[in-house]
Protein chains: 2
Amino acid sequence: MAPYQNDTLPIRVRVQDLLARMTTQEKISQVNQHLYGWQSYTRHGSEFTLTDQFKAHVAWGGGLGALYGLFRADPWSGRTLENGIPAAQSATVSNMVQQYVITHSRLGIPALIVEEAPHGHQALGAVSYPTNLGKSNSFDPALIAQCAQLQAAELAAKGVHLALVSTLDLLKDPRWGRSEETFGESPTLTAAYTQAVIRGFQGDLISDDCFLDHPADANRHIGVVIKHLIGQGDALGGHNAGTVPLGEREVREVYGPLVASIRHAVGVMAAYNDIDGVPCHANRQLLTRWLRTANHFQGLVMADGTALDRLTDLTGSVAAAAQQALTAGVDLSLWDDVYTHIDQALAADPTLMTALDTAVARVLAVKFLLGLFDQPLVSPSEAAKLPKIITASHQANAKLAVESMTLVKNNGVLPLARNQKVAVIGPHTASIYDWLGDYTAPQAPDQFTSLTDAVRPYASQVCTALGSQLRVGVPDQDYRWLDEAEDCASESDAVILTLGGSSARAFDMHFLTNGALAAPQGNTDTGENVDLADLSLSADQLSLLRVIKNTGKPLIVVMVQGRPYDIRPVLAIADAVLLAWYPGQAGPQAVADILFGQTTPTGRLAISYPRSSGQLPVYYYQRHAAKNADYLDESGAPLLPFGAGLDYTTWIVHSLSLTHDLIEQRTAITVTAANTGQYDSSLPLLLFGRFRGTTVLPREKQLLATRRVTIPAGQKQTVTFTVPDTALTYYDAHMRSVLPDQVTFSVGDQTQTIITRYFHVKEN
Amino acid sequence: MAPYQNDTLPIRVRVQDLLARMTTQEKISQVNQHLYGWQSYTRHGSEFTLTDQFKAHVAWGGGLGALYGLFRADPWSGRTLENGIPAAQSATVSNMVQQYVITHSRLGIPALIVEEAPHGHQALGAVSYPTNLGKSNSFDPALIAQCAQLQAAELAAKGVHLALVSTLDLLKDPRWGRSEETFGESPTLTAAYTQAVIRGFQGDLISDDCFLDHPADANRHIGVVIKHLIGQGDALGGHNAGTVPLGEREVREVYGPLVASIRHAVGVMAAYNDIDGVPCHANRQLLTRWLRTANHFQGLVMADGTALDRLTDLTGSVAAAAQQALTAGVDLSLWDDVYTHIDQALAADPTLMTALDTAVARVLAVKFLLGLFDQPLVSPSEAAKLPKIITASHQANAKLAVESMTLVKNNGVLPLARNQKVAVIGPHTASIYDWLGDYTAPQAPDQFTSLTDAVRPYASQVCTALGSQLRVGVPDQDYRWLDEAEDCASESDAVILTLGGSSARAFDMHFLTNGALAAPQGNTDTGENVDLADLSLSADQLSLLRVIKNTGKPLIVVMVQGRPYDIRPVLAIADAVLLAWYPGQAGPQAVADILFGQTTPTGRLAISYPRSSGQLPVYYYQRHAAKNADYLDESGAPLLPFGAGLDYTTWIVHSLSLTHDLIEQRTAITVTAANTGQYDSSLPLLLFGRFRGTTVLPREKQLLATRRVTIPAGQKQTVTFTVPDTALTYYDAHMRSVLPDQVTFSVGDQTQTIITRYFHVKEN
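Residues numbered from 1 in each chain as written. Chains lettered and ligands numbered in written order. Predicted model: local features only at pLDDT ≥ 70, side-chain atom pairs only at ≥ 80, totals over all residues. Heavy atoms only, no water.

Quick notes on the overall build of chain A
When its secondary structure is counted, chain A shows 20 helices and 26 strands. A compact globule built from 764 residues should have a C-alpha radius of gyration of about 27 Å, and chain A, at 26 Å, falls within 12% of that. Overall, the C-alpha framework of chain A stretches about 75 × 70 × 50 Å when taken along its three principal axes. Taken over 764 residues, chain A has a buried fraction of 66%. (Helix = DSSP H or I, 4+ residues; strand = E, 2+ residues; numbered from the N terminus. Rg over C-alpha atoms; globule rule 2.2 N^0.38 Å. Buried < 20%, exposed > 50% of the residue type's maximum accessible area, 1.4 Å probe, protein only.)

Quick look at the relation of the copies chain B and chain A
Each copy superposes on the other: chain B lies on chain A with an RMSD of 0.0 Å after a rotation of 180 degrees and an axial shift of 0.0 Å. Here the two chains are linked by the operation of a two-fold rotation axis. Relative to the rotation axis, the closest C-alpha in chain B is found at glycine 247 of chain B, a distance of 1.5 Å. Interface overlap between copies: 100% of the residues of chain B at the interface are likewise at the interface in chain A, consistent with a symmetric, same-surface contact. (Least-squares fit on C-alpha atoms with pLDDT ≥ 70 in both. Contact = heavy atoms within 4.5 Å.)

What about the nonpolar core?
Ranked by size, the top nonpolar core spans 151 residues in total, and within it Phe54, Leu112, Phe201, Leu229 and Tyr339 of chain B carry the most contacts. In terms of residue count, helix H13 (residues 353-370) of chain B provides more of this core than any other element does, 12 residues in total. Among all residues touching phenylalanine 201 of chain B, those that are not within four sequence positions of it are Ala148, Gln149, Gln151, Ala152, Leu155, Ala163, Val165, Ile222 and Val224 of chain B. Of all hydrophobic cores here, the second largest spans 150 residues; its members include Tyr68, Ile109, Ile113 and Leu364 of chain A. (Core = buried A, V, L, I, M, F, W, Y, C linked by side-chain atoms within 4.5 Å.)

Some remarks on the interface of chain B and chain A
Listed per partner, the contact involves 60 residues of chain B and 61 residues of chain A. Taken over both partners, the interface formed by chain B and chain A buries close to 4,700 Å², and the fraction arising from carbon and sulfur atoms is 54%. Of all residues in chain B, His239, Asn628 and Leu632 of chain B give up the largest surface area on contact with chain A, accounting jointly for 15% of the area buried on that side. Taken together, the connections running from chain B to chain A amount to two salt bridges. Inspection of the region where chain B meets chain A yields 38 residue pairs in polar contact (both at pLDDT 80 or more). Residues of the side of chain B that touches chain A, tallied by class, amount to 24 nonpolar, 20 polar and 16 charged. (Buried area = accessible area lost by both parts, 1.4 Å probe. Salt bridge = Lys/Arg side-chain N within 4 Å of Asp/Glu carboxyl O. Polar contact = N/O pair within 3.5 Å; in protein donor to acceptor, adjacent residues only side chain to side chain. Nonpolar A, V, L, I, M, F, W, Y, C, P; charged D, E, K, R; others polar.)

Overview of the environment of isoleucine 113 of chain B
All names here are of chain B. If you trace the backbone, isoleucine 113 turns up in strand S4 (residues 112-116). Residue classification places isoleucine 113 among the buried positions, given a relative accessible area of 1%. Sequence spacing of isoleucine 113 and alanine 673 is 560 residues, and the spatial spacing of their C-alpha atoms is 46 Å. Isoleucine 113 has contacts with Leu67, Leu70, Phe71, Val97, Gln98, Gly159, Val160, His161 and Leu162, leaving out every residue within four places of it along the chain.

Digging into the domain arrangement of chain A
Residues and elements named next belong to chain A. If you check the domain split of chain A, you get domain 1 (22-386), domain 2 (405-615) and domain 3 (651-761). Spacing between the C-alpha centres of domain 1 and domain 3 amounts to 36 Å. Taken residue by residue, the interface counts 12 residues in domain 1 and 15 residues in domain 3. Summing both sides of the interface, domain 1 and domain 3 together bury roughly 1,200 Å²; the carbon and sulfur share of this comes to 53%. Interface area lost by domain 1 to domain 3 is led by Phe139, Arg249 and Glu253, which between them contribute 51%. Counting the contacts that link domain 1 with domain 3 gives three salt bridges. One salt bridge in this structure joins glutamate 250 and arginine 699, with 3.1 Å as the shortest N-O distance. Linking domain 1 to domain 3 there are eight residue pairs in polar contact (both at pLDDT 80 or more). Considering every element that reaches the side of domain 1 that touches domain 3, the biggest residue donor is helix H8 (residues 248-261), with six residues. Across the side of domain 1 that touches domain 3, the residue classes break down as three nonpolar, three polar and six charged. (Domains from an automatic or database assignment.)

So, the pairing of strand S20 (residues 702-711) of chain A
Residue and element names in this part refer to chain A. For S20, the tally of buried residues reaches seven of 10 residues, placing the bulk of the element in the interior. Looking at chain direction, strand S19 (residues 681-692) and S20 are connected through nine bridges and run antiparallel. From the neighbouring strand, proline 684 faces S20, where its bridge partner is arginine 708. (Pairing = 2+ DSSP bridges.)

Side note on empty space enclosed by the protein
Evaluated as defined, the whole model comprises 18 cavities of 30 Å³ or more. Estimates place the volume of the largest cavity at around 510 Å³. As for the largest cavity, its lining consists of 28 residues, and the residues nearest its centre are Leu236, Gly237 and Pro617 of chain A together with Leu236 and Pro617 of chain B. Of the residues assigned to the lining of the largest cavity, the class counts are 14 nonpolar, six polar and eight charged. Within this model, the second largest cavity holds a volume of roughly 180 Å³. Lining the second largest cavity are 18 residues, with Tyr272, Pro279 and Arg310 of chain A together with Ala626 and Leu697 of chain B sitting closest to its centre. Among the elements that make up the lining of the second largest cavity, the one with the highest residue count is helix H10 (residues 307-315) of chain A (five residues). Residues belonging to the lining of the second largest cavity are distributed by class as follows: 10 nonpolar, five polar and three charged. (1 Å grid on protein atoms, 1.4 Å probe; cavity = no way out; pocket = protein on both sides within 12 Å on 5 of 7 lines; lining within 4 Å. Points joined across faces, edges and corners; volume = space filled by probe spheres on them.)

What to know about the side chain of serine 29 of chain A
Note that serine 29 of chain A resides in helix H2 (residues 24-30). Once residues lying within four places of it in the same chain are set aside, the contact partners of serine 29 of chain A are Trp60, Gly61, Gly63, Leu64 and Gly65 of chain A.

Things to note about the state of the cysteines
Residue and element names in this part refer to chain A. Within this structure, the stated rule accounts for two disulfides over all chains. Note that cysteine 463 is cross-linked by a disulfide to cysteine 488, the S-S spacing being 2.1 Å. Its S-S torsion of approximately 95 degrees makes the covalent link between cysteine 463 and cysteine 488 right-handed. Of this pair, cysteine 463 sits in strand S13 (residues 461-465) while cysteine 488 sits in helix H17 (residues 480-490), and the two are 25 residues apart along the sequence. (Disulfide = S-S within 2.5 Å.)

Comments concerning the sheet that holds strand S21 (residues 716-724) of chain B
Residue and element names in this part refer to chain B. Strand order across the open sheet formed by three strands is S17-S18-S21, with antiparallel pairing between neighbours. The open sheet has two edge strands with one neighbour each: strand S17 (651-661) and S21. Ignoring which end each strand starts from, the neighbouring axes of this sheet average 20 degrees apart. Of the pairings in the sheet, the one linking S17 to strand S18 (residues 666-675) comprises nine bridges and is antiparallel in character. Within S18, the residue paired with histidine 654 across the bridge is threonine 672. (Axes fitted to C-alpha atoms, helices over the stretch in contact; angles between N-to-C directions.)

Brief notes about helix H7 (residues 187-202) of chain A
All names here are of chain A. With 16 residues, H7 should reach 22 Å at 1.5 Å per residue; the first-to-last C-alpha distance of 22 Å fits that figure. Along H7, 12 of the 16 residues are buried, which leaves the element largely enclosed by surrounding structure. The set of residues buried in H7 consists of Pro187, Leu189, Thr190, Ala191, Tyr193, Thr194, Ala196, Val197, Ile198, Gly200, Phe201 and Gln202. If you follow the buried residues of H7, they end up packed against helix H5 (132-135), helix H6 (141-158), strand S5 (162-166), strand S6 (223-229), H8 and S20. The backbone nitrogen of threonine 188 lies 3.3 Å from a side-chain oxygen of the residue at the head of H7, namely serine 186. (Expected span 1.5 Å × (residues − 1).)

Thoughts on the sheet that holds strand S18 (residues 666-675) of chain A
Residues and elements named next belong to chain A. An order of S17-S18-S21 is seen for the three strands of this open sheet, with the pairing classed as antiparallel. The sheet terminates laterally at strand S17 (651-661) and strand S21 (716-724), the two strands that pair on one side only. Taken pair by pair, the neighbouring strands of this sheet meet at an average axis angle of 20 degrees, ignoring direction. Note that S18 and S21 share nine bridges and pair antiparallel. Across the sheet, the residue bridging to alanine 673 is glutamine 717, located in S21.

Brief notes about the pattern of salt bridges
Residues and elements named next belong to chain A. Within the structure shown, the criterion is met by 62 salt bridges over all chains. Two residues, aspartate 213 and arginine 12, come together in a salt bridge whose shortest N-O distance is 2.6 Å. Of the two residues, aspartate 213 is situated in the loop between H7 and S6 and arginine 12 in helix H1 (residues 11-21); the sequence distance between them amounts to 201 residues. In this structure arginine 12 comes out as partly exposed when scored by relative accessible area, which is 33%. Lysine 27 is the salt-bridge partner of aspartate 357, the closest N and O atoms lying 2.8 Å from each other. You can see aspartate 357 sitting in helix H13 (residues 353-370) and its partner lysine 27 sitting in helix H2, a full 330 residues away along the chain. A relative accessible area of 9% means that lysine 27 is categorised as buried. Overlapping salt bridges bring together Arg72, Asp74, Glu116 and Lys227 as one network.

Shown next as structure tokens:
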């Protein structure tokens with residue numbers, strides 16, 4: 001037995017032994033993830049066979065580093081319920097692939113099976129969770145960790161090793177089509193969710209201790225590749241993959257908590273964008289110094305899809321692009337034709353072998369860590385767990401869907417009385433896909449409870465109508481729909497109307513080589529590469545809104561959306577407005593449960609909700625300049641502030657007090673939350689800090705911590721936040737991390753200020 | 001005679017001698033510019049007396065450093081044609097002020113008289129030039145230098161020493177109310193204009209040679225204080241004085257040419273904004289290292305109005321604000337209550353005296369340089385030149401007004417036939433102030449030729465009508481105006497319709513302590529502190545446009561505007577569209593002369609003209625990212641590109657060729673411009689470069705040089721641009737200035753590429 005095959009040896013030893021045995025071509029193969037995984041197989045009935053394309057690629061490299069998207073099913077891949085891999089056969093197919101790779105690798109090196117799982121595995125029969133922009137409204141990292149843990153179990157039972165999960169992008173400009181993939185605008189909250197996702201998927205697989213120094217444990221593990229590093233939501237104009245001209249202080253203050261949050265992840269994906277001109281994929285300062293040296297990241301850095309090809313626009317040659325990316329710290333490619341040609345770069349500069357060895361070692365280390373060498377195949381017993389995992393996931397998903405929705409208006413109409421005649425109207429009533437967001441697999445009909453069906457048990461009678469398409473100018477808009485909707489509303493006691501957008505992809509659409517939409521059509525107005533200049537709802541939707549309003553019936557609008565549209569016309573005339581975002585397959589049921597008071601609405605906004613494109617940006621942590629805050633024609637303030645949201649019960653937050661511990665160097669902030677209403681419910685408490693007395697412009701405020709408390713009606717709870725002094729620093733003019741002279745802490749409308757010189761509370 | 005009184009000694013020696021004689025309070029007085037100058041006097045008929053407030057302030061300091069706005073007349077100052085200083089009495093009043101200051105200063109130190117002159121002296125009887133955003137369309141730095149020279153003569157005859165002139169701000173976001181004060185978006189063009197302004201105002205007063213080493217010459221001089229340093233147009237959201245989170249590479253590449261352009265200015269004003277958190281007024285890196293050490297600037301740095309007060313928001317105390325600003329390199333205050341309390345900062349830190357001495361020395365050096373000590377008063381013969389100067393200025397202004405306008409549509413209707421019946425309609429026909437822009441003094445009625453009067457000589461008959469107010473919701477909108485306008489148009493052979501905005505200030509408006517509008521009212525929608533979220537024209541203007549269009553008469557729209565409004569509805573239906581910006585008092589005549597073919601339109605856009613707020617930003621030198629260029633609902637491209645503009649003649653640009661001189665390290669680009677039409681005219685030629693083969697993302701393109709050529713009909717001219725290799729560099733990942741591998745030069749549609757390794761031309 002060679003040392004690398006000895007599972008009692010530290011991973012570092014096994015990696016070094018294996019690396020020393022490899023040819024250059026075998027090494028190049030390990031850092032490549034070139035294939036579209038769904039092209040690896042053909043299906044005939046329930047029979048699967050490997051394609052020649054797949055076999056040729058394995059032969060090219062003498063093995064296979066990683067395989068992306070074996071299970072991916074969606075319009076881009078062309079994989080459907082009919083020709084894709086059913087959940088129940090996933091382990092069989094992944095085992096077949098793995099067996100082939102191992103037996104066609106001279107040294108028996110297995111391949112990483114890599115899958116998209118931004119809000120559920122993008123594969124047939126998988127659970128579709130709310131998109132991040134909805135999840136973020138929960139302020140419930142614990143539940144998000146639980147859902148991640150269930151996703152990890154689901155992926156493990158299928159033979160997947162790495163889950164690609166978006167968490168790092170911030171919503172700075174909602175014109176961006178990928179807004180739905182963000183946890184909102186807050187670095188603090190996003191960092192908390194990112195850590196929850198990593199903890200959920202990986203457990204304590206990687207800790208501060210260096211994993212290379214230990215043998216792999218006996219278990220198979222799932223690793224998560226967090227994306228994207230970094231700053232993608234700051235693209236100029238909200239253009240997807242646009243340029244990011246941010247300064248170092250801004251990047252370090254805003255994105256520092258996010259870089260820190262991925263310390264224990266198995267992997268991270270570099271972002272398409274540049275930062276102040278330097279592409280992230282060629283940014284050694286970012287990928288090596290900040291990520292590894294300063295932040296002690298131990299995992300691998302994956303390229304984004306075809307991002308290395310884009311580097312050739314700069315470098316003028318494939319060899320130079322390979323050289324730049326390898327040197328910067330990109331360890332594993334994605335679909336590009338650059339890392340497939342590392343041999344050219346090596347020919348030009350043989351010293352590049354050191355950088356290649358480093359990258360290969362990181363890929364191999366992850367394979368050892370996740371158990372690929374020691375347990376390369378999914379056992380039948382593990383595969384058999386899948387149905388139970390899916391069942392448990394649906395339960396967790398139902399809870400998360402409820403928590404992901406935020407009520408922003410209620411004039412008393414909610415919760416709705418039961419056993420009324422209810423109209424369920426709107427462009428989202430027809431298709432599940434308009435509820436799911438981007439990166440979504442085809443759904444079997446029985447996976448979906450429509451909003452109409454979800455409302456039915458609560459109502460004496462339900463009618464339903466489409467009313468409108470989502471976007472103006474859709475060719476098959478039919479104005480008879482408006483009449484049908486009006487009739488339906490008129491005959492009912494209350495109307496539930498969905499408005500918003502859709503990230504649905506259709507099988508007749510065209511896609512770029514990285515899977516982004518090339519030419520969006522029909523109703524699709526969100527998702528990757530579908531950026532919008534104007535946040536207004538379409539004229540057709542606004543017509544529908546007015547027509548329904550004119551029936552005089554109580555009107556509840558449910559916004560199904562992947563970005564904040566301009567909801568001012570909706571707030572002006574609806575009796576209640578629920579922001580449901582893209583809530584996943586459990587979304588319609590969650591909407592019904594909230595509207596009929598089966599549960600309370602507990603979500604809170606994770607963005608500063610804008611009024612219009614004209615007032616962007618409005619995120620809460622802009623620097624506190626003595627600026628002209630308002631426009632002549634528009635307020636400069638967001639329509640709704642970060643943290644806004646209504647509940648059926650009433651809350652009072654009181655008795656905020658502070659104490660500072662000079663030994664432990666931290667502040668304890670205590671506050672009492674009282675549920676003074678009639679409903680048991682949960683309340684996200686948000687602790688903000690305002691810094692004053694600084695040598696650079698302080699920010700308006702920053703989020704320091706959040707806590708979701710569940711309190712029965714009529715009861716109260718005292719909560720203590722502990723904030724280390726290190727969380728109260730900013731970067732001064734010399735980029736030193738220093739304390740401001742004053743910090744004002746606030747929860748709700750309660751505030752208290754400390755003077756940091758002696759950490760005493762300031763008397764007002 | 002003390003050495004400082006000896007005009008044969010080098011300025012440095014005189015400064016040092018004088019400084020050594022001064023008390024601390026006298027020094028503090030020299031760096032203060034606290035008063036609103038117009039409060040220094042009262043007028044009774046033609047008699048002027050100094051106020052007690054002025055005398056008390058001189059007594060406080062034992063002298064006076066600088067006096068801002070003695071001649072300022074406008075709604076903020078409350079100085080009118082009746083109670084302000086007539087041009088003819090300016091020298092008398094400034095001499096009275098100066099005499100008082102000198103005789104109440106122990107050491108006989110005169111005061112700097114400082115005046116606003118962004119587009120003409122903001123004083124009674126002064127010439128009102130086009131605002132910069134119009135001027136920039138001329139691509140004619142020589143004419144701008146000539147106008148500056150005339151302004152300098154005008155100011156000198158009045159006893160002014162320092163002219164405050166905006167040139168450095170870039171138009172990055174047209175929501176900003178101060179867009180009109182910019183020379184557009186191009187750093188290259190703006191730098192050329194800035195140098196023209198400095199050369200025009202100052203001649204060769206300051207050269208690369210250190211002026212301190214020489215005696216002052218025998219003449220009185222005008223110095224120009226260029227504003228603002230730096231980055232103010234990059235404020236987030238287009239908010240006036242908003243925060244600027246730009247990175248170092250972006251700042252150095254975009255603003256580097258501008259910092260370099262002010263090397264020979266007598267002064268520069270710091271900008272309100274921060275850069276990546278550091279306020280410009282507390283930015284030693286900017287005000288001292290970049291400006292002086294790297295750029296060899298020799299003049300003084302002035303604070304912007306009350307900007308030092310704003311620093312106390314950060315610092316928490318006046319003393320700390322004074323300390324930060326003095327240390328950073330702010331030499332002279334403006335209206336703040338910070339530098340008046342430098343004694344508090346000195347008490348806290350006596351070593352600050354060194355920084356104070358440095359600032360005082362700079363103020364004194366400028367006073368010696370400009371001749372204040374040796375010729376403190378305006379002689380009667382110099383004052384008597386004013387009428388001739390004004391006459392010459394009006395001639396230059398008329399030429400500049402023509403060159404400042406850009407024709408963007410002409411379906412053949414222009415030039416208009418003469419001796420027709422012409423309707424002159426639009427909200428700008430009533431008041432000169434809507435044509436002038438911000439920072440404008442009251443105008444005597446005889447200074448103004450209205451558009452109606454300017455058209456009259458060209459037409460057989462003219463009718464005129466207001467048609468509409470500028471902004472929606474103006475309370476006194478009167479829809480009978482619309483009927484009148486329709487009648488007027490219907491009776492005419494052609495219609496000239498003005499649309500756009502206004503920076504007019506009214507005497508019943510409220511102002512902030514820095515003179516910016518506190519609460520804009522009525523038609524005012526541009527100028528300092530009047531930012532707009534939506535670039536659309538008001539509904540009332542669009543109604544007027546449609547009503548006039550429906551008369552079926554040939555329709556020429558003249559856009560009078562201080563920012564680019566959304567002119568898509570105008571371009572769609574008008575027969576011709578002329579962008580006149582705010583063209584100053586010669587504007588209406590220039591419009592008439594262009595429309596009737598008395599002269600050709602030769603202006604070209606100095607901005608990338610946007611379609612809407614939703615697609616911002618659109619400036620041409622964004623980095624070349626592989627982004628999603630278009631929005632789902634809107635093109636990402638500007639409506640009109642930088643450099644666009646039509647002429648009555650036709651132009652062909654051909655025969656571009658390159659040669660590189662390896663010894664002189666420069667490229668000569670030769671191109672031929674042919675006037676193939678029927679009109680003598682002028683053509684601005686724009687030389688762009690595209691860099692490719694870089695290690696950071698290159699920009700889409702950059703402007704390298706411009707040349708305005710005047711060519712008779714049927715003739716041609718060959719032009720050679722010389723571009724030094726140093727103009728072809730960018731900052732790489734290590735902030736080293738390096739050459740790209742390739743540069744593609746283009747003029748018009750002519751392009752050629754050089755490989756920089758050997759500077760050979762690339763074969764296509």
